[in-house]
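Listed here are the chains, written in short residue letters.
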Amino acid sequence: RSGRTAGEVTASGTQSDVTDLVASAGARLRHLLRLNITAASDESARAALPGSLEAMRLYAKGLEELRSFDTVSARGDLERAIAAAPDYPQAHSALAQAWGMLGYDTRAREEAEKAFALRNRLPPTDRLLVEARYWETARDDEKAAEAYRQLLKLSPENPDYMLLLAGVETSADALKTIAQIRAMPALVSSDPRLDLAEAIAAGEASNYVLEQKLAHR
């Protein structure tokens, strides 16, 4: 809150050792911040990394493009991430999202199934995100919503998780969830993704005046 630097952590090594570098630097950072992370949690976090620096770079780039709605570019980068690390569940799940946004439902389901099959080695947050994406592609909004609610138990009032939950709720519940995000600080409540999500929910509730207003904004 004060802006004071609490400490610094550095790690050096070769590119081939990137997974160990990330894990060791993360462990020292958590110790510095006095976070109580168990050895099992640490191993779970390490298992979530693909072991390929290029795969991680392309995955991060793909996520950024998805959030900017540059879906075609995201699809290409996520496909390259998977080519570099075929057993990378998070990349398969993100690619499923990209295919779904592009209207390729069958391909989205195929990628979501691959991620779902690889999910058990992931820490709880990543595993639940993969499961929720899988249930969304399976058109089971109730199970997807339950996965997002479990995520919110791990990270209460996380606006990204709340927005994902709104996407699979009924229009009435979605509008309530979005209203909760609107009550958060301006940096969060002014996110244009909220306008889009609320416009979709308003349209499903046949409130076309509100839908048009939000879509225009």
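Residues numbered from 1 in each chain as written. Predicted model: local features only at pLDDT ≥ 70, side-chain atom pairs only at ≥ 80, totals over all residues. Heavy atoms only, no water.

Structural notes on the overall build of the chain
So, step 1. Helix and strand content of the chain: 13 helices and 0 strands.
So, step 2. Whereas a compact globule of 217 residues would reach a radius of gyration of roughly 17 Å, the chain reaches 19 Å, a difference of no more than 12%.
So, step 3. Its C-alpha atoms put the chain at 60 × 45 × 30 Å along the principal axes.
So, step 4. Taken over 217 residues, the chain has a buried fraction of 37%.
So, step 5. A fraction of 44% describes how many contacts in the chain between residues 6 or more apart in sequence connect residues 24 or more apart.
So, step 6. Accessible area for the chain stands at about 13,000 Å²; split by element, carbon and sulfur atoms hold 51% of it.
So, step 7. Where the 27 positive side-chain charges of the chain centre and where its 32 negative ones centre are 3 Å apart. (Helix = DSSP H or I, 4+ residues; strand = E, 2+ residues; numbered from the N terminus. Rg over C-alpha atoms; globule rule 2.2 N^0.38 Å. Buried < 20%, exposed > 50% of the residue type's maximum accessible area, 1.4 Å probe, protein only. Contact = heavy atoms within 4.5 Å. Areas by Shrake-Rupley, 256 points an atom, 1.4 Å probe, with all protein chains shown as cover. Lys, Arg positive; Asp, Glu negative; His and termini not counted. Charge placed at Lys NZ, Arg CZ, Asp CG, Glu CD.)

Things to note about the nonpolar core
So, step 1. Counting residues in hydrophobic clusters, the biggest one holds 21 residues, and the most contacted among them are Tyr148, Leu165, Val168 and Ile181.
So, step 2. Mapped onto this core, the elements with two or more residues apiece are α7 (124–137), α8 (141–154), α9 (159–166), α10 (171–182) and α12 (192–204).
So, step 3. The element contributing the most residues to this core is α8, with 6 residues.
So, step 4. In contact with Tyr148, not counting residues within four places along its chain, are Leu129, Ala132, Arg133, Glu136, Tyr161, Leu164, Leu165 and Val168.
So, step 5. With 19 residues, the next largest nonpolar core counts Ala55, Tyr59, Leu63 and Ala91 among its residues. (Core = buried A, V, L, I, M, F, W, Y, C linked by side-chain atoms within 4.5 Å.)

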